[in-house]
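# Structural features, examined
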Amino acid sequence: MVGIFQASGVAQLTVILIAEVVLLSAHIRNRPYVDAGTNTQYTILSTFRLVITLLNISYVDSLKASITAKQYVAYTQVILHSIVFLCMFILPLKNLIVLAGGLGEDEIYNPTMTSARMSLGR
């Protein structure tokens, strides 16, 4: 749908911004996942995507932003992307360590439960 507006960068950015706002509002309103942590994670990711997309406004030619300002915005976008990447890398790594260690989320505080590693084969 964005490809329809190839001639106008402002139109492309507007369509993408509208789509990101709709996605963020849908995550906030519907809460599509059973787990509250997953809902929070995807809401935060949608917020990051909206902020990064809003930062793209500085690249519109009609604003005539200086090269230095565009570079600062680009570095800010790289930092935000790096934060998201690290968060998306650390969460599965934590789950892997918990499973490899044989501990489930509930067993950390309850030693009477069967370990997660032993219950995988059942």
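Data block above holds the structure.
This section reports on the structure supplied with the text. (Residues numbered from 1 in each chain as written. Predicted model: local features only at pLDDT ≥ 70, side-chain atom pairs only at ≥ 80, totals over all residues. Heavy atoms only, no water.)

Turning to the nonpolar core, a few remarks are in order. Among the nonpolar cores identified, the biggest contains 5 residues, and these are Leu 13, Leu 17, Leu 24, Leu 50 and Val 60. Here this core gets 3 residues from one element, more than from any other, and that element is helix α1 (residues 9–30). Discounting residues that sit within four places of it in the chain, Leu 17 has contacts with Leu 50, Thr 53, Leu 54 and Ile 57. (Core = buried A, V, L, I, M, F, W, Y, C linked by side-chain atoms within 4.5 Å. Buried < 20%, exposed > 50% of the residue type's maximum accessible area, 1.4 Å probe, protein only. Helix = DSSP H or I, 4+ residues; strand = E, 2+ residues; numbered from the N terminus. Contact = heavy atoms within 4.5 Å.)

Below, the discussion takes up the packing of α1 against helix α2 (residues 36–55). Two numbers describe how α1 lies on α2: the axes approach to 9 Å, and their chain directions differ by 160°. By the criterion of interaxial angle, the relationship of α1 to α2 is roughly antiparallel. α1 and α2 meet at a crossing whose hand is left-handed. Contacts between α1 and α2 involve Leu 13, Ile 16, Leu 17, Glu 20, Val 21, Leu 23, Leu 24, His 27 and Ile 28 on the former and, on the latter, Tyr 42, Thr 43, Ser 46, Thr 47, Arg 49, Leu 50, Thr 53 and Leu 54. Looking at the contact of α1 with α2 residue by residue, the classes come out as 10 nonpolar, 5 polar and 2 charged. (Axes fitted to C-alpha atoms, helices over the stretch in contact; angles between N-to-C directions. Parallel < 35°, antiparallel > 145°, perpendicular 65-115°, else oblique. Left-handed = near helix turned anticlockwise from the far one by under 90°. Nonpolar A, V, L, I, M, F, W, Y, C, P; charged D, E, K, R; others polar.)

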